[in-house]
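# Fold and geometry: a report
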Amino acid sequence: MSLFSKFAPLAAQYRQLEEAGANPFNVSFDAVLSPTEAMIKDQPVLLLGTNNYLGLTYDPAVIAKAVEATELYGTGTTGSRIANGSYDGHKQLERALAGFYNRKHGMVFSTGYQANLGILSTLAGKDDHLILDADSHASIYDGARLGHAQVTRFRHNSPEDLANRLRRLEDTPGDKVIVVEGIYSMLGDTAPLREFAAVKREYANTYLVVDEAHSLGVLGENGRGLAEAAGVEEDVDFVVGTFSKSLGGVGGFCVSDAEGFDILRVVTRPYMFTASLPPGVIAATLEALHQMHSRPGLRRQLSENANRLYNGLAALGFTVGPEPSPVVSTVMPSPEAAFAFWSRLLHAGLYTNVSLPPATPKGLALLRSSVSAAHTSAQIDHAIAMFAEAGQELGLISPAGGQKQGEAVFISAR
Ligand SMILES: Cc1ncc(COP(=O)(O)O)c(C=O)c1O
């Protein structure tokens, strides 16, 4: 069909993967048994490629709340909050999020993607400037495209480049809105937020948005994310995040102290023109937030597991990201190698992800893993053993462990 001819080269590659029976972009789980185990075509697999950082998807209290709310209020709201009304749960969750972050206002979106679309497209108007880290998630770029602001990118995680860009814009009218992430989803590196906050403080009419999608529930004494961990929450004007990772559900949010915040509800199209989250999802998220907050042990376990996997893979000789984090990616020499490795691991019973450009920084082909607090040490060790066997078999690491034991190879994310 000619409409699709523009996709022909991609379609050919996709067909090749399908024909080889190993398409990482089209995996079906026949059953999910727990946060760490699933079945694919009668084969048990260990899950090392979810964003279920705290393992809350099967938490009995979270499930009970979802069931109770669904029985009481039904399966869906069937419309947007502006046109069809809010349920008490939506408002309760917004209050809970604002309270958790010690902020005045909270706003819930139907996905984290929509939170970024909504917030970034409305905060910065046509005479304003959005200043984005170059490695920003697609939802941040798409938010910029939906709005009318001038868009400037700065070098990933570079406070110097951010300062240069702001300096050049100093005499240009309009507000400046800087957008960075807490933990970057491809290499697991964190933003130098203290330095970014210091740069922001030097410029008038400049605001800081932090997307804590991968750092909520992961970083900070209370799990509020990188801003809490770095001690710069006061410098952050808007926190955006998602319920789909550490909270194990779906949805997104923004919290802030900004005066007049609620006007966003009637100017933000990805909030106004889409159905609000179902009562069961809202109730599950409220409970997951409570669990996350009241069980700091989950965060400690996650950190232990992340270090175990990161150090284990680095010691085998794989090139890993610049710092330990629940996202542990290994750099592959090519997309083909990534596909082969992914397929070999799946065959052995380990589910991971393949990440390719343009979603990845520096044009890297990555085999991306992510750990959960729900993984046992034995599961992580088993995963590392599978990496070792498959990596040696495919010649990605040497049998002795490419590097000396413990001497890790890191890629610089800056
Ligand atoms: C940094 C970042 N922001 C936003 C999102 C979107 O969140 P969601 O998948 O919940 O829509 C993601 C998803 O991976 C992300 O990595």
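Coordinates for the structure precede this section.
Let us look at the structure shown here. (Residues numbered from 1 in each chain as written. Predicted model: local features only at pLDDT ≥ 70, side-chain atom pairs only at ≥ 80, totals over all residues. Heavy atoms only, no water.)

### Some points on unusual backbone geometry
The test is simple: Runs of E in the DSSP output that reach at least two residues are strands. Runs of H or I that reach at least four are helices, and both are numbered from the N terminus. Burial here depends on accessible area, computed with a 1.4 Å probe over protein chains only, as a share of the maximum for the residue type. Under 20% is buried, over 50% is exposed, and the range in between is partly exposed.
The peptide bond linking proline 357 to proline 358 adopts the cis configuration, its omega dihedral lying at 5 degrees. The topology assignment puts proline 358 in the loop between strand 14 (353-355) and strand 15 (365-370). Unlike most non-glycine residues, lysine 362 shows phi in positive territory, near 55 degrees. With respect to the secondary-structure elements, lysine 362 resides in the loop between strand 14 and strand 15. By relative accessible area, lysine 362 is classed as exposed at 56%.

### So, the site of the ligand
Counted only if it meets this: Whether a residue is near a molecule or strand is decided by its heavy atoms; if any one of them lies within 4 Å of it, the residue is near. Here a polar contact is taken to be a pair of N or O atoms separated by no more than 3.5 Å, where protein atoms must pair a possible hydrogen donor with a possible acceptor and residues adjacent in sequence count only if both atoms sit in side chains. Surface exposure here means Shrake-Rupley accessible area, sampled with a 1.4 Å probe, where a residue is shielded only by the protein chains that are shown. Amino acids outside the nonpolar list (Ala, Val, Leu, Ile, Met, Phe, Trp, Tyr, Cys, Pro) and the charged list (Asp, Glu, Lys, Arg) are all regarded as polar, and Gly is one of them.
Every one of the 14 residues lining the ligand counts as a neighbour, but Tyr113, Asp211, His214, Thr242 and Ser244 are closest to it. Within the side chain of threonine 242, an N or O atom sits 2.5 Å from an oxygen atom of the ligand. Between the ligand and the protein, one listed contact pairs an oxygen atom with a side-chain N or O atom of lysine 245 at 2.8 Å. In the complex, the protein chains occlude 83% of the 390 Å² of accessible area that the ligand would expose alone. Its residues assigned to classes, the shell around the ligand shows two nonpolar, nine polar and three charged.

### Let's talk about the sheet that holds strand 10 (residues 252-256)
Heads up, the rule is: A pair of strands is treated as paired once DSSP finds two or more bridges between them. Where helices are involved, their axes are fitted lines through C-alpha atoms of the stretch in contact, as for all axes, and angles between N-to-C directions lie from 0 to 180°. Here a residue-residue contact requires only that any non-hydrogen atoms of the pair lie within 4.5 Å.
Sheet architecture is open: seven strands sit in the order 4-10-9-8-7-5-6, paired in mixed fashion. Looking at the sheet topology across the chains shown, the edges are occupied by strand 4 (105-109) and strand 6 (150-154). Sheet twist, expressed as the mean angle between neighbouring strand axes with direction ignored, is 20 degrees. One ladder, built from five bridges, connects strand 5 (residues 129-133) with strand 6; its direction is parallel. What sits directly across from isoleucine 131, in strand 6, is threonine 152. In the packing of helix 5 (residues 112-123) onto the sheet, the strands contacted are strand 4, strand 5, strand 7 (176-181), strand 8 (206-211), strand 9 (238-242) and strand 10, and the crossing angle to strand 9 comes to about 155 degrees.

### What to know about the sheet that holds strand 3 (residues 43-47)
Strand order across the open sheet formed by four strands is 1-2-3-13, with mixed pairing between neighbours. Whereas interior strands pair on both sides, the edge strands pair on one side only; in this sheet they are strand 1 (31-34) and strand 13 (350-351). Here two bridges tie strand 3 to strand 13, and the two strands are oriented parallel to one another. Paired with leucine 46 across the bridge in strand 13 is leucine 350. Those strands touched by helix 14 (residues 377-393) are strand 2 (37-40), strand 3 and strand 13, and its axis lies near 105 degrees from that of strand 3.

### Here we look at the nonpolar core
Note on soluble globular proteins: their nonpolar side chains tend to be buried together. Condition: The nonpolar core is taken to be a set of buried Ala, Val, Leu, Ile, Met, Phe, Trp, Tyr and Cys residues, with the residues joined through side-chain atoms within 4.5 Å.
Counting 90 residues, the largest nonpolar core has Val180, Leu193, Leu313 and Phe387 as its most contacted members. Ranked by residues supplied to this core, first place goes to helix 12 (residues 296-316) with eight residues. When residues no more than four places from it in sequence are discounted, the contact partners of phenylalanine 387 are Leu48, Leu313, Leu316, Phe318, Thr330, Phe341, Leu345, Leu350, Thr352, Leu367, Ser369 and Ile397. Core analysis: the next-biggest nonpolar cluster, separate from the first, contains 21 residues, Phe109, Ile119, Cys254 and Met272 among them.

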